[in-house]
Amino acid sequence: MNKAKDLHFQISAILPVLILFSLFYFIPIIVLVVTSFMEWDKLQIGGFAGFNNYIHLFTDPVDSRAFELAIKNNLSWTLFVIFIHIPLALVTALILHSKNKGWKIFRVLFFIPNIISITAIAIIFRQLFNPSYGVMNWLFEIMNIESMTDVNLLFHKTYGWYSIIATWILYIGFPTVVLLAELEAIPKELYESAQIEGATKGQEHVFITLPLLKNIIGTLCILLVTAGFREFERIYLLTGGAPEYRTGTLSLLVYEKMTYVQFAYSNSVGVFLLIIGVLFILIFNRLFKIGKSVYL
Amino acid sequence: MSANTVNNFEKNIGILCAYIFLIIIGLASLFPFVWVFLSSFKTTSEILGKAISLPEHFSFHNYIKAFNTTNITRAFLNSMMISATSVIFHSIIITLAAYATARFKNRFTKSVNLYISLGILIPLNCAIYPILLIMKGVNLDNSLLGLIILYTGLGIPVPYLIMRSYIFTIPASLDESAKIDGASQFTIFFHIILPLSQNCLITVLIIHFIFVWNEFLYAFLLIRTRDLRTLQVSLQFFMSDFMYDLGGLFAAMMIAVLPAIIMFLFFQEKVISGLTAGAIKG
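Just so we're clear, the structure is a prediction, and the values are computed from it rather than from any experiment.

Q: So what about the overall build of chain A? Which residues, and what values?
A: Each helix and strand counted, chain A has 13 helices and 0 strands in total. Helices and strands appear in chain A in the N-to-C order α-α-α-α-α-α-α-α-α-α-α-α-α. Taking 296 residues into account, the globule formula puts the C-alpha radius of gyration at 19 Å, and chain A, at 24 Å, lies well above it. Across the 296 residues in chain A, those meeting the buried criterion constitute 42%.

Here it is, written out as structure tokens:
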């Protein structure tokens with residue numbers, strides 16, 4: 001009797017989540033993968049197309065360029081996260097950890113941009129980069145750089161992508177606060193015994209702090225890199241992928257193909273996005289051996 | 001000089017460098033917002049004239065224009081409505097599921113747990129068109145109810161895991177004693193588990209609220225009626241609303257952004273610990 005009641009409870013408790021999750025995660029992914037192997041460029045789905053959609057992404061003159069640039073940009077974003085964004089956050093966290101005067105204020109100030117919606121940030125930066133009244137233009141005029149005045153950096157052939165990177169690379173609030181919390185959790189005794197043995201601050205950081213932060217840095221890599229793959233509104237509102245796909249990403253490509261009613265291509269790019277996302281999660285998990293304790 | 005003063009000197013230089021570093025990053029990251037804030041009090045000709053200057057007269061005329069020209073109040077209310085509603089449903093259903101899979105260990109709950117955990121691997125914007133089709137299929141496109149249901153579903157994986165790991169810290173003995181007293185599972189859930197999970201519930205609440213409030217892609221794709229638009233989606237239309245009226249645009253941006261900042265400043269500790277809990281537990 002009790003077992004039946006328990007089962008009844010379990011099912012009713014889990015059902016809502018199960019239904020919604022299947023509706024918005026499971027089914028869409030199945031549809032995504034299956035239809036990426038079919039013809040679909042009108043409202044009705046066509047027949048089986050094998051790998052044609054994927055081949056198209058690699059061979060069509062226009063689309064393969066867009067695809068290639070998208071992947072390049074996604075990877076570039078990833079590199080910026082790993083080698084600039086997170087290290088900046090680490091340095092900041094270590095500084096704030098020393099709890100010098102005013103550290104709490106800095107912590108709040110750094111976190112504010114992470115609260116503001118990306119949409120708002122994108123629109124604000126779009127104004128900032130405006131060639132007539134924006135701050136960038138004003139900077140170039142003051143520094144007398146003729147070639148850059150009245151130029152919209154976002155649409156610049158070389159610097160466009162980097163201007164987009166600039167809209168988030170310094171917003172280290174979130175990773176800094178996470179690292180700060182982890183730093184707090186490190187027992188002081190470890191540092192004390194190291195100091196007794198005569199370790200310098202540098203050695204303390206390299207041999208005690210960093211190894212203990214290994215897990216959380218790995219987790220941050222996963223979180224921030226996957227967030228990068230999910231980015232849509234920032235780039236859409238800043239440049240829309242222009243000029244000529246130079247600032248495009250996979251996310252934008254999925255959207256664009258959909259607006260062109262090329263649903264099969266949209267879904268194939270989506271599959272790529274999915275694969276790359278999962279791949280990076282697995283890679284970082286391996287690389288940082290997340291989940292394995294640092295203590296032997 | 002004694003060893004101590006040399007060391008002190010180095011220490012002080014270190015601290016100075018640290019402060020310089022912090023200030024540079026702080027200024028560089030915050031100045032766009034300060035710029036927009038100050039410019040929102042200027043007249044449009046002032047903005048076009050000199051990018052960096054204090055406004056000649058601090059006037060709120062841009063803000064008045066922003067409220068009158070756009071549907072920002074409507075958009076704000078829409079966002080508030082779907083965020084609050086989704087958050088309520090969301091917290092309840094994921095806590096229920098988290099409780100069920102945490103307390104009962106059998107094949108069913110274990111596979112459900114694995115199933116939902118796999119959700120964290122999936123980027124939210126790879127299956128755009130399939131999700132659109134599903135929403136159209138159940139007639140929920142272009143509706144705020146549709147967005148509420150969609151967001152409640154999309155926000156499941158991470159908060160579910162957070163909640164589940166928290167429930168493990170609630171002793172099962174409490175369940176047992178309640179059962180001995182004749183309580184049903186649902187009673188246990190509502191009268192014991194929910195109250196004890198308050199802290200974690202607030203975390204989950206904050207995470208999901210911020211997710212729904214800031215969401216752009218699906219609100220953009222699904223809603224076609226101007227009056228149903230959420231705040232974030234409306235922001236992009238402000239750019240065309242205010243084609244020749246930059247002051248108005250800046251004021252509108254400030255109106256959109258300030259509530260979030262003010263809420264954050266009030267609930268700092270909770271928000272920060274909430275958002276980082278996701279990272280640390282994950």
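Q: Can you tell me about the overall build of chain B, naming the residues and giving the values?
A: Scanning chain B for helices and strands turns up 15 helices and 0 strands. Its C-alpha atoms put chain B at 75 × 75 × 35 Å along the principal axes. The buried share of chain B, reckoned over its 282 residues, is 44%. Considering only residue pairs separated by 6 or more positions, chain B has 79% of its internal contacts joining residues 24 or more positions apart.

Q: Go over the nonpolar core, please, and point to the residues and values.
A: Within the largest apolar cluster, 163 residues are counted, with the highest numbers of intra-cluster contacts made by V17 of chain A together with A97, A252 and M253 of chain B. Of the residues forming this core, the biggest block, 12 residues, is contributed by helix 4 (residues 72–103) of chain B. No fewer than three residues from each of domain 1 (3–63) and domain 2 (70–241) of chain B sit in this core. In this structure, M253 of chain B is in contact with A120, I123 and I124 of chain A together with V36 of chain B, ignoring residues within four places of it in sequence.

Q: I'd like to hear about the interface of chain B and chain A, residue by residue, with values.
A: Counting residues at the interface gives 71 residues for chain B and 73 residues for chain A. Per-element tally for the side of chain B that touches chain A: the top contributor is helix 1 (residues 3–39) of chain B, with 13 residues. Of the residues contributing to the side of chain B that touches chain A, the split by class is 56 nonpolar, 15 polar and no charged.

Q: So what's going on with the environment of I208 of chain A? Residues and values would help.
A: Residues and elements named next belong to chain A. Within the fold, I208 resides in helix 10 (residues 201–230). In this structure, the C-alpha to C-alpha distance between I208 and L79, residues 129 residues apart in sequence, is 26 Å. When residues no more than four places from it in sequence are discounted, the contact partners of I208 are L190, Y191 and A194.

Q: A description of the confidence of the model for chain B should follow, citing residues and the corresponding values.
A: Residues and elements named next belong to chain B. Overall, the prediction assigns chain B a mean pLDDT of 89, with 98% of residues at 70 or greater. Averaged pLDDT values over the elements of chain B bottom out at 75 in helix 15 (residues 268–281) and peak at 96 in helix 7 (residues 144–154). This prediction of the complex comes with two scores: 0.91 for pTM and 0.90 for ipTM.

Q: How would you explain helix 8 (residues 173–184) of chain A if you had to name every residue and give the values?
A: In a regular helix each residue adds 1.5 Å, so 12 residues correspond to 16 Å; helix 8 of chain A covers 16 Å between its end C-alpha atoms and thus fits that length. Burial analysis of helix 8 of chain A places 9 of its 12 residues in the buried class, the great majority of the element.

Q: Please set out the domain arrangement of chain B residue by residue, giving values where relevant.
A: With domains assigned, chain B is organised as domain 1 (3–63) and domain 2 (70–241). The gap between the C-alpha centroids of domain 1 of chain B and domain 2 of chain B is 38 Å.

Q: An account of the packing of helix 8 (residues 157–167) of chain B against helix 11 (residues 198–214) of chain B is needed here, citing residue identities and associated values.
A: All names here are of chain B. Between helix 8 and helix 11, the least distance of the axes is 10 Å, while the angle of their chain directions is 175°. Between helix 8 and helix 11, the crossing angle belongs to the class labelled roughly antiparallel. Across from P159, I162, M163 and Y166 in helix 8, the residues of helix 11 making contact are C200, T203, V204, I207 and H208. A breakdown of the residues in the contact of helix 8 with helix 11 according to their chemical character gives 7 nonpolar, 2 polar and no charged.

Q: Before we move on, could you go through helix 5 (residues 107–117) of chain B and cite the residues and values that matter?
A: What helix 5 of chain B keeps buried is the set V112, N113 and I116 of chain B. All buried residues of helix 5 of chain B fall inside an arc of 100° around its axis, so they share one side. Exposed side of helix 5 of chain B, more than 90 degrees from the buried face: R107, K110, S111 and L114 of chain B are the residues found there. Where the residues of helix 5 of chain B are buried, they touch helix 1 (2–35) of chain A together with helix 4 and helix 8 of chain B.

Q: Describe in detail the packing of helix 5 (residues 118–128) of chain A against helix 14 (residues 246–266) of chain B, supporting the description with residues and values.
A: Orientation of helix 5 of chain A relative to helix 14 of chain B, taken along the N-to-C sense of each, is 150°, at an axis distance of 11 Å. With respect to each other, helix 5 of chain A and helix 14 of chain B are oriented roughly antiparallel. The two elements helix 5 of chain A and helix 14 of chain B meet at a crossing, and its hand is left-handed. Contacts between helix 5 of chain A and helix 14 of chain B pair A120, I123 and I124 of chain A from the former with M253, A256 and V257 of chain B from the latter. Class assignment of the residues belonging to the contact of helix 5 of chain A with helix 14 of chain B gives a composition of 6 nonpolar, no polar and no charged.

Q: So what about unusual backbone geometry? Which residues, and what values?
A: Residues and elements named next belong to chain A. Residues other than glycine seldom take positive phi values, yet K99 does so here, at roughly 55°. Looking at the element boundaries, K99 is found in the loop between helix 3 (61–97) and helix 4 (103–115). In this structure K99 comes out as exposed when scored by C-beta crowding, with 9 C-beta atoms within 10 Å. One non-glycine residue, E244, lies in positive phi territory at about 55°. Examined against the element boundaries, E244 turns out to sit in the loop between helix 11 (233–238) and helix 12 (250–259).

Q: If you had to explain the environment of I167 of chain B to someone new, which residues and values would you point to?
A: Residue and element names in this part refer to chain B. Structurally, I167 is set in helix 8. Judged by local crowding, I167 falls into the buried class, with 20 C-beta atoms found within 10 Å. Put simply, I167 and N68 are 99 residues apart on the chain and 48 Å apart in space, counted from C-alpha to C-alpha. If near-sequence neighbours (up to four positions away) are discounted, I167 is found in contact with A98, Y99, A102, I193 and S197.

Q: I'd love a proper account of the environment of I112 of chain A, names of residues and values included.
A: Topologically, I112 of chain A is positioned in helix 4. Taking the C-beta count within 10 Å as the criterion, I112 of chain A has 18 such neighbours and is therefore assigned partly exposed. Apart from residues no more than four positions distant in its own chain, I112 of chain A is found in contact with I261 and F264 of chain B.

Basis of the calculations
- Residues numbered from 1 in each chain as written.
- Chains lettered and ligands numbered in written order.
- Predicted model: local features only at pLDDT ≥ 70, side-chain atom pairs only at ≥ 80, totals over all residues.
- Helix = DSSP H or I, 4+ residues; strand = E, 2+ residues; numbered from the N terminus.
- Rg over C-alpha atoms; globule rule 2.2 N^0.38 Å.
- Buried ≥ 20, exposed ≤ 12 C-beta atoms within 10 Å, placed from the backbone.
- Contact = placed C-beta atoms within 7 Å.
- Core = buried A, V, L, I, M, F, W, Y, C linked by C-beta atoms within 7 Å.
- Domains from an automatic or database assignment.
- Nonpolar A, V, L, I, M, F, W, Y, C, P; charged D, E, K, R; others polar.
- pLDDT = per-residue confidence, 0-100.
- Expected span 1.5 Å × (residues − 1).
- Axes fitted to C-alpha atoms, helices over the stretch in contact; angles between N-to-C directions.
- Parallel < 35°, antiparallel > 145°, perpendicular 65-115°, else oblique.
- Arc of directions from axis to C-beta.
- Left-handed = near helix turned anticlockwise from the far one by under 90°.

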